[in-house]
Amino acid sequence: MYKHILIATDGSDLAGRGVRHGIALAKALVSKVTVIMATDPMPLSGIALGAGWVPSTEELADYRAAQTRFADEILSRVKAEAAQEGVAVEPYHVADSRAADAILQTAAAKGCDLIVMASHGRRGVERVLLGSQTAEVVAHSGVPVLVVR
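Residues numbered from 1 in each chain as written. Predicted model: local features only at pLDDT ≥ 70, side-chain atom pairs only at ≥ 80, totals over all residues. Heavy atoms only, no water.

For the protein, the count of helices and strands is six helices and five strands. When the helices and strands of the protein are listed from N to C terminus, the series reads β-α-β-α-α-β-α-β-α-α-β. Evaluated residue by residue, the protein yields a buried proportion of 34% over its 149 residues. Relative to all contacts within the protein whose residues are 6 or more apart in sequence, the contacts with residues 24 or more apart total 77%. Carbon together with sulfur atoms contributes 55% to the accessible area of the protein, which is approximately 8500 Å² in total. (Helix = DSSP H or I, 4+ residues; strand = E, 2+ residues; numbered from the N terminus. Buried < 20%, exposed > 50% of the residue type's maximum accessible area, 1.4 Å probe, protein only. Contact = heavy atoms within 4.5 Å. Areas by Shrake-Rupley, 256 points an atom, 1.4 Å probe, with all protein chains shown as cover.)

Right, let's talk about helix α3 (residues 57-84) for a bit. Over its 28 residues, α3 runs 41 Å from end to end, which matches the ideal 40 Å to within 8%, given 1.5 Å per residue. Residues Q67, A71, I74, L75, V78 and A82 constitute the buried set of α3. Residues of α3 that are buried sit in contact with α1 (13-29), β2 (32-38) and β3 (89-94). Two residues or fewer after α3 comes G86, characterised by a positive phi angle close to 80 degrees. (Expected span 1.5 Å × (residues − 1).)

Bringing the packing of α1 against α3 into the picture now. At a minimum axis distance of 10 Å, the contact between α1 and α3 shows a crossing angle of 35 degrees. In the packing of α1 onto α3, the handedness of the crossing is right-handed. Residues V19, R20 and I23 of α1 lie in contact with α3, whose contacting residues are V78, E81 and A82. Classifying every residue of the contact of α1 with α3 by side-chain character gives four nonpolar, no polar and two charged. (Axes fitted to C-alpha atoms, helices over the stretch in contact; angles between N-to-C directions. Left-handed = near helix turned anticlockwise from the far one by under 90°. Nonpolar A, V, L, I, M, F, W, Y, C, P; charged D, E, K, R; others polar.)

The next subject is the environment of I23. In this structure, I23 sits in helix α1. On the basis of relative accessible area, I23 is assigned to the buried category, the value being 3%. Sequence separation between I23 and A83 is 60 residues; the distance between their C-alpha atoms is 9.6 Å. What I23 contacts, discounting residues up to four positions off in sequence, is I7, V78, E81, A82, E85 and V87.

Structure (structure tokens):
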């Protein structure tokens with residue numbers, strides 16, 4: 001049914017539920033699996049920029065290195081968890097990107113035919129204020145999206 005599943009994670013406990021579900025599904029279907037984690041660009045506030053602060057090349061490099069270490073740690077954990085279930089995964093880190101953009105672009109580029117991800121299920125003002133990467137993926141994906149709560 002699904003030959004290549006893209007599983008999204010941010011390392012949270014909630015995302016872990018989506019990861020476990022995606023791994024179990026991949027095992028049952030004998031599907032190829034790519035696990036993606038996106039890390040945001042360095043957050044820059046308008047106040048800091050307005051005050052004339054611009055991050056140095058070294059600060060940007062330190063931030064990116066920390067984000068890469070963070071992603072590598074999480075992806076290694078997922079890879080080990082999948083291996084325990086007999087599922088091989090390709091870990092994939094997309095730096096300096098919004099999660100929804102990275103997920104959609106990676107799914108298309110790698111030919112994934114299903115995306116598995118978790119959602120907090122926020123509604124109303126909370127969703128408007130915090131946004132929803134999951135809702136954006138569901139709205140713009142060209143392939144089915146399995147949302148785990």
